[in-house]
Amino acid sequence: MDPAPAVWRSTPARMLWGATLGAVTWPVDLVFSVVSLLRRPTPFGPVRSLVAWHRRRTVRFLGWADDGVVLTSPRAARYLFWRVGVGLVGTLVLGLLAYGMFAVVAGLASWLFDVRLTVDEAFQGDGLSTAGVLGMIPVGAILLYLDLMGLIGVALLDRSAAARWLAPSRSERLAAQVESLTVSRADLLAALDAERGRIERDLHDGVQQRAVALGLLVNRARRAVGASSGSLLLEQAAREAELLVTDLRDVAWRVRPTTLDTHGLAPVLAELVSRAEPSTVLDWASPERLPPDVETTIYYVVSEALTNVAKHSGASRSEVRVHVGRAPASDPATVGRACRDPDTAKVHVTMTDNGTGGALPHPGHGLAGLAGRVATAGGTLTVDSPLGGPTKIEVTLPCE
């Protein structure tokens, strides 16, 4: 839906004028509502133009907020049919107002100039007296007020018709909100991944390089002092510097490995399983480059799953299997088919372990976060982990 335009500040004068404009168009609304029923799924040009004019009128004069919902023939027909009824009521109210104004003119002409413009028996004979005119003023004021309030009521009916048929329904609003939230969450994850990449580069190019330089300086100092008590301290400092560099490399790699951007997912997964505890096997028959967002999602899913296996499962072995295509991963006929093929544009990742089981995606925990990340990427995550094991996590992502 398009962004809603600014709402004009409605006043009684504006509402009266807007209701008057809407009241005189009901014959055209009737004709075009019938035409809308015959032209599906979208109304043709004149119908769209008429409805667009009504939208501008209700926004400008009646204070309606137009959400810019897409117009279809059913919407146009129902709105214009409703407009016919509103227009007829408005025409009736305008007719009563015109009759009252004519009665006032006739009465004044009879009283002031003795002109016979007979609209009632009261104007016959000798015409109106001053007392009669004064007596009719409060009655006329009350009738005028009621007539004007009738026009305000017509304006409110007109606005409610626009709100009913030209505004999004509750389901459409909810769908738009879901779409907006999905896009927002995807943008947030993209920004988070970009920030992780920046942190990894800062660690690799900044802190890690300084740690390496520190280790080199310590080694040079140790060689320079020779065999002394200070040499033992420098040797210990050198070992700590080496451990610091190793830890920094591991942290930087876990944040977001640079290899993921330069060489793709396959070597990153191979490195993950080589570091994993317990022993893990990677089964990817024909590794290929996948879209960057798909590779990032799979990396974090596999990394978190292997971390959970090491911490909670008590397993002695695990396996990670990747398959591109719509068929099951055990079907050799489709293994390795191009991810660009629209008929096989799915990536399936299966992670299994022989641990104690009982893994559930509790809100706020790792598996629930993974499920949310996969859902943001348009995929699904299922967990099959009965008590006693084994545990099986399946992820399916669109490869496009």
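Nothing here was measured: the structure is a model prediction, and the numbers come from that model. (Residues numbered from 1 in each chain as written. Predicted model: local features only at pLDDT ≥ 70, side-chain atom pairs only at ≥ 80, totals over all residues. Heavy atoms only, no water.)

Q: What is the right way to read the side chain of Thr297 from this model?
A: Among the structural elements, Thr297 can be located in helix H10 (residues 292-313). Look at Thr297 and you get buried, because its relative accessible area is 6%. Within the structure, the side chain of Thr297 is placed 2.9 Å from the backbone oxygen of Asp293, a separation counted as a polar contact. In contact with Thr297, not counting residues within four places along its chain, are Arg373, Val374, Ala377 and Leu397. (Helix = DSSP H or I, 4+ residues; strand = E, 2+ residues; numbered from the N terminus. Buried < 20%, exposed > 50% of the residue type's maximum accessible area, 1.4 Å probe, protein only. Polar contact = N/O pair within 3.5 Å; in protein donor to acceptor, adjacent residues only side chain to side chain. Contact = heavy atoms within 4.5 Å.)

Q: Would you mind going over unusual backbone geometry with me for this structure?
A: Generally, phi is negative for residues other than glycine and the peptide bonds are trans, each holding for most cases. Here the bond from Glu277 into Pro278 is cis, since omega is 5 degrees, no more than 30 degrees from zero. Secondary-structure assignment places Pro278 in the loop between helix H9 (265-275) and strand E1 (279-283).

Q: What is the right way to look at the nonpolar core in this model?
A: For soluble globular proteins, nonpolar side chains are generally found buried alongside one another. Counting 31 residues, the largest nonpolar core has Leu290, Ile298, Val302, Val347, Val349, Met351 and Val395 as its most contacted members. Only H9, H10, strand E2 (317-324), strand E3 (346-353), helix H11 (366-376) and strand E5 (391-398) provide two or more residues apiece to this core. The element best represented in this core is H10, accounting for 8 residues. If sequence neighbours within four positions are ignored, Val395 has contacts with Val301, Val347, His348, Val349, Met351, Val374, Thr380 and Leu381. Residues Leu50, Trp64, Trp165 and Ala167 belong to the second largest nonpolar core, which totals 14 residues. (Core = buried A, V, L, I, M, F, W, Y, C linked by side-chain atoms within 4.5 Å.)

Q: Is there a simple way to think about the confidence of the model for the protein in this case?
A: Fine structural detail should not be taken from predicted coordinates in areas where pLDDT scores are low. Overall, the predicted model of the protein reaches an average pLDDT of 76, with 72% of residues at or above 70. Note on residues 327-337: pLDDT is under 50 here. Beyond four places in sequence and across chains, it has 18 contacts. (pLDDT = per-residue confidence, 0-100.)

Q: What's the story with a nonpolar patch on the surface in this structure? I'm lost.
A: Taken together, the side chains of Val139, Ile142, Leu143, Tyr145, Leu146 and Met149 define a hydrophobic patch exposed on the protein surface, amounting to about 620 Å² of accessible area. On the secondary structure map, Val139 appears in helix H5 (residues 130-165). (Patch = residues over 30% accessible without salt bridge, like charges linked within 9 Å, V, L, I, M, F, W, Y side chains within 5 Å. Areas by Shrake-Rupley, 256 points an atom, 1.4 Å probe, with all protein chains shown as cover. Salt bridge = Lys/Arg side-chain N within 4 Å of Asp/Glu carboxyl O.)

Q: How should I be thinking about the packing of helix H2 (residues 26-38) against helix H3 (residues 45-62) in this particular structure?
A: Helix packing geometry: the angle between the two helix axes and the distance between the axes. H3 packs onto H2 with a crossing angle of 130 degrees between their chain directions and a minimal axis gap of 10 Å. With respect to H3, the axis of H2 lies oblique. Crossing geometry of H2 relative to H3 is assigned as left-handed. Touching Val28, Asp29, Phe32, Val35 and Ser36 of H2 are Pro46, Val47, Leu50 and His54, all from H3. Classifying every residue of the contact of H2 with H3 gives 6 nonpolar, 2 polar and 1 charged. (Axes fitted to C-alpha atoms, helices over the stretch in contact; angles between N-to-C directions. Parallel < 35°, antiparallel > 145°, perpendicular 65-115°, else oblique. Left-handed = near helix turned anticlockwise from the far one by under 90°. Nonpolar A, V, L, I, M, F, W, Y, C, P; charged D, E, K, R; others polar.)

Q: What is the right way to read the pattern of salt bridges from this model?
A: Where side chains of opposite charge bring their charged atoms close, a pairing between them can arise. Scanning all chains against the criterion turns up 8 salt bridges. The partner of Arg57 in a salt bridge is Asp158, with the nearest N and O atoms 2.6 Å apart. Of this pair, Arg57 sits in helix H3 while Asp158 sits in helix H5, and the two are 101 residues apart along the sequence. The residues Arg57 and Asp158 share a single accessibility class, namely buried. A salt bridge links Arg83 to Asp158, with the shortest nitrogen-to-oxygen separation between them at 3.3 Å. With Arg83 in helix H4 (residues 73-113) and Asp158 in helix H5, this residue pair connects regions lying 75 residues apart in the sequence. By relative accessible area, Arg83 is classed as buried at 0%. A cluster of three or more residues bridged by salt bridges with shared partners is formed by Asp29, Arg57, Arg83 and Asp158.

Q: Is there a simple way to think about the packing of aromatic side chains in this case?
A: Aromatic ring pairs are reported here in terms of the distance separating the ring centres and the angle at which the planes meet. Tallied over the full model, the rule gives 1 aromatic pair. When the ring of Tyr299 is compared with that of Tyr300, the centres are 5.0 Å apart and the planes differ by 65 degrees; the resulting orientation is edge-to-face. Here the two residues Tyr299 and Tyr300 agree in accessibility, since each one is buried. Over the aromatic face of Trp165 sits the side chain of Arg164, whose NZ or CZ is 3.9 Å from the ring centroid. (Phe/Tyr/Trp six-rings, centres within 6.5 Å; stacked < 30°, edge-to-face > 60°. Lys NZ or Arg CZ within 6 Å of the ring centre and 35° of its normal.)

Q: Teacher, can you tell me more about the environment of Asp283 here?
A: By the element assignment, Asp283 lies in strand E1. When the C-alpha positions of Asp283 and Val349 are compared, they lie 9.9 Å apart, and in sequence the two are 66 residues distant. Apart from residues lying up to four places away in sequence, Asp283 is in contact with Glu319, Val320, Arg321 and Val322. Within the local environment of Asp283, its side chain forms a polar contact with the side chain of Arg321, the two groups lying 3.2 Å apart.

Q: Just to check I follow, could you spell out the pairing of strand E4 (residues 380-384) for this structure?
A: Consecutive side chains of a regular strand alternate in pointing toward one face of the sheet and then the other. Where E4 meets E5, 5 bridges bridge the pair, whose relative direction is antiparallel. Bridging across to E5, Thr380 finds its partner in Thr396. (Pairing = 2+ DSSP bridges.)

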